[in-house]
Amino acid sequence: MSASVIAVRSFDDQKPGTSGLRKKVKVFQQANYLENFVQSVFDSIGDFSGQTLVLGGDGRFYNRHAIQVILKMAAANGFSRALVGQGGILSTPAASHVIRKYKAYGGLILSASHNPAGPDEDFGIKYNIGNGGPAPEGVTEAIFARTKSINEYRTLEANDISLDGIGATQLGEMRVEIIDPVADYADLMQSLFDFDAIRALLAGGFSMKFDAMHAVTGPYATRILEGDLGASAGTVMNGIPKEDFGGGHPDPNLTYAHDLVEIMYADDAPDFGAASDGDGDRNMVLGNGFFVTPSDSLAILAANAECAPGYQGGIAGIARSMPTSAAADRVAEAMGLDCFETPTGWKFFGNLMDAGKVTLCGEESFGTGSNHVREKDGLWAVLFWLNILAVRKASVEAIVSEHWQKFGRNYYSRHDYEGVDSAAAEQVLQTVRDQFASLPGQILAGRIVSACDDFSYCDPIDGSVSSKQGVRVLFEDGSRIIFRLSGTGTSGATIRLYLESFEDDSARQHMDAQDALADMIVAANDISKLRELSGRDRPTVIT
Ligand code: VG1
Ligand code: CO
């Protein structure tokens, strides 16, 4: 086996977004495209000679090929060990855990999360640092800078290695260990939650469904729910990962997880339903005929944290992304905890968790997690809910209603306009920016505007500043209208409109969120000319 240096020309479009580099498979299939990005990562992360790299992905099309390419490059670049999930599989939270547990230098996670998969769909790659979390912006910026000037990459002339059998192989100077992708993660879950209580719940007639959406969570959910916890066979739906995710869109929300939604809203619905996304970091939680918004879910996990053994010592603080509703803030206040508001994307939570300032984190986009890893974690959230249900012996709906009664309800919704022309999408945000001076003091949707801005975040740990993280219209009563452009799409632009309004009168806490927010929705369109500029008369997805 000999190492070789291959001369290449750089690409100018390899800028990582909210969560790594995501492009159409066809883009990744251009000669040297993947290699350039991987070498740019290796050139930007410091001295890893003699260290371990973790490698795995969500199993989508191109995953296996990319793993072979990356292994040869990692060996030629000086890693001494690679830990690879069997079959090339590692969910995002499992990869984060493996990096931490085995003290790896970092990891490459191959995923475009919930984006559809297949030869004509999306692929993605993301670098996580030694704490197990997504590379912070300073690192992703250095990687992007390197992609623009790169002119060679290093690889090993070697045969592909088998990814399917557990065990070790030598690749040049690097040892490749194929590991069970589920075992370490399952042990971690067992250390956090009361498996006996959940087992008793499931044995006692409580019924549930988990939709893995043909994506990576299938093997994890099957082993843990049906294996360790004794849920009945068939609890996990769509549990075999497929390279094209069964042609679906593995985004666990009311639109894309329709199979599960149908089951949960049927007359004979189970007590509990949940789904996870392509790479296993998102979760949707449903009760019988009842949807829990992710923002509420974070608040409810925080308020009930003492139900789970792993959190009984108390939680340090809570962090949420800016567009996520302030429901968690109310819990933090009541519990005397700090609450942090960060830009969108899990990479902003890492420093807060490493510094011991927060235990629980969440995003409105179906992401919840804790300091057990440095990624959001879909199955973790499901197990946390099951643990709470097992202890409190109440229905999902009863737990949520009681929560609203105690803390008030933050009516919340996100409207996505997908595949919009990029210039038009920019114009929507600019239209609101142009009114920053005139809006405060005005009455919109019966509420007084208190302030408008482009959200900016100064990391309290390292002082780094991230600006232009969303256009905010804030109201005196705590209501908010927020506009952001997605940083994970691969074609056109996606405008995200986030709407929030607080209700503390328990008599008015049981409306449909779209009805409760109707006047806010009209106001948001008025000030942004969203529908006119985008040419759309309704959102693509409402959550
Ligand atoms: C979206 C979500 C964001 C999440 C990100 C990655 O980003 O809004 O909250 O962190 O996806 O999640 P954007 O820029 O499209 O709004 V995942 O599950 O795709 O790794
Ligand atoms: Co994901």
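Scroll up to find the structure.
A brief report on the enclosed structure follows. Here the structure is a predicted model, which means the values were calculated and not measured.

### A look at the coordination of the cobalt ion (ligand 2)
Here comes step 1: Those donors, Ser113 (OG), Asp277 (OD), Asp279 (OD) and Asp281 (OD), are the protein atoms that reach the cobalt ion (ligand 2), and they lie 2.0 to 2.1 Å from it.
Here comes step 2: Going along the chain, you hit the donors of the cobalt ion (ligand 2) in the pattern S-x163-D-x1-D-x1-D. Within this pair, whereas Ser113 is found in the loop between β5 (106-110) and β6 (122-128), its partner Asp281 is found in the loop between β12 (272-276) and β13 (283-287), the two being separated by 168 residues in sequence.
Here comes step 3: The exposure class assigned to Asp281 is buried, which follows from its relative accessible area of 3%.

### Thoughts on the environment of Arg100
Here comes step 1: When you line up the elements, Arg100 lands in helix α4 (residues 92-101).
Here comes step 2: For Arg100, a relative accessible area of 27% translates into the label partly exposed.
Here comes step 3: For the pair Arg100 and Asn131, spaced 31 residues apart in sequence, the C-alpha separation works out to 6.0 Å.
Here comes step 4: In contact with Arg100, other than residues within four places in its own chain, are Asn131, Gly132, Asn371, His372, Val373 and Arg374.

### Topic: the packing of aromatic side chains
Here the distance between the centres and the angle between the planes together describe a pair of aromatic rings.
Here comes step 1: Considering all chains together, one arrives at 20 aromatic pairs under this definition.
Here comes step 2: Consider the rings of Phe11 and Tyr33, whose centres lie 4.7 Å apart with planes at 65 degrees: the pair is edge-to-face. Taken together, the positions of Phe11 in the loop between β1 (2-7) and β2 (21-24) and Tyr33 in helix α2 (residues 33-44) put the pair 22 residues apart, joining distant regions of the chain.
Here comes step 3: Ring centres of Trp346 and Phe349 lie 4.6 Å apart, and the angle between their planes is 80 degrees; on these two criteria the pair is classed as edge-to-face. One exposure class covers both Trp346 and Phe349, and it is buried.
Here comes step 4: The structure contains a cluster of three or more aromatic residues connected by ring pairs, namely Phe11, Phe28, Tyr33, Tyr62 and Phe123.

### What about the site of ligand 1?
Here comes step 1: Inspection of the region around ligand 1 gives 20 residues, with Thr18, Ser365, Gly487, Thr488 and Arg496 positioned closest.
Here comes step 2: In this structure, Lys376 approaches ligand 1 through a side-chain N or O atom, which is 2.8 Å from an oxygen atom.
Here comes step 3: Here Thr488 contributes a side-chain N or O atom positioned 2.5 Å from an oxygen atom of ligand 1.
Here comes step 4: Put simply, ligand 1 lies in the largest cavity.
Here comes step 5: For the shell around ligand 1, the residue count by class is no nonpolar, ten polar and ten charged.

Cut-offs applied
- Residues numbered from 1 in each chain as written.
- Chains lettered and ligands numbered in written order.
- Predicted model: local features only at pLDDT ≥ 70, side-chain atom pairs only at ≥ 80, totals over all residues.
- Heavy atoms only, no water.
- Donors = N, O, S within 2.8 Å, 3.2 Å for Na, K, Ca; no water.
- Helix = DSSP H or I, 4+ residues; strand = E, 2+ residues; numbered from the N terminus.
- Buried < 20%, exposed > 50% of the residue type's maximum accessible area, 1.4 Å probe, protein only.
- Contact = heavy atoms within 4.5 Å.
- Phe/Tyr/Trp six-rings, centres within 6.5 Å; stacked < 30°, edge-to-face > 60°.
- Near = heavy atom within 4 Å.
- Polar contact = N/O pair within 3.5 Å; in protein donor to acceptor, adjacent residues only side chain to side chain.
- 1 Å grid on protein atoms, 1.4 Å probe; cavity = no way out; pocket = protein on both sides within 12 Å on 5 of 7 lines; lining within 4 Å.
- Sits in = over half its atoms within 2 Å of the grid points.
- Nonpolar A, V, L, I, M, F, W, Y, C, P; charged D, E, K, R; others polar.

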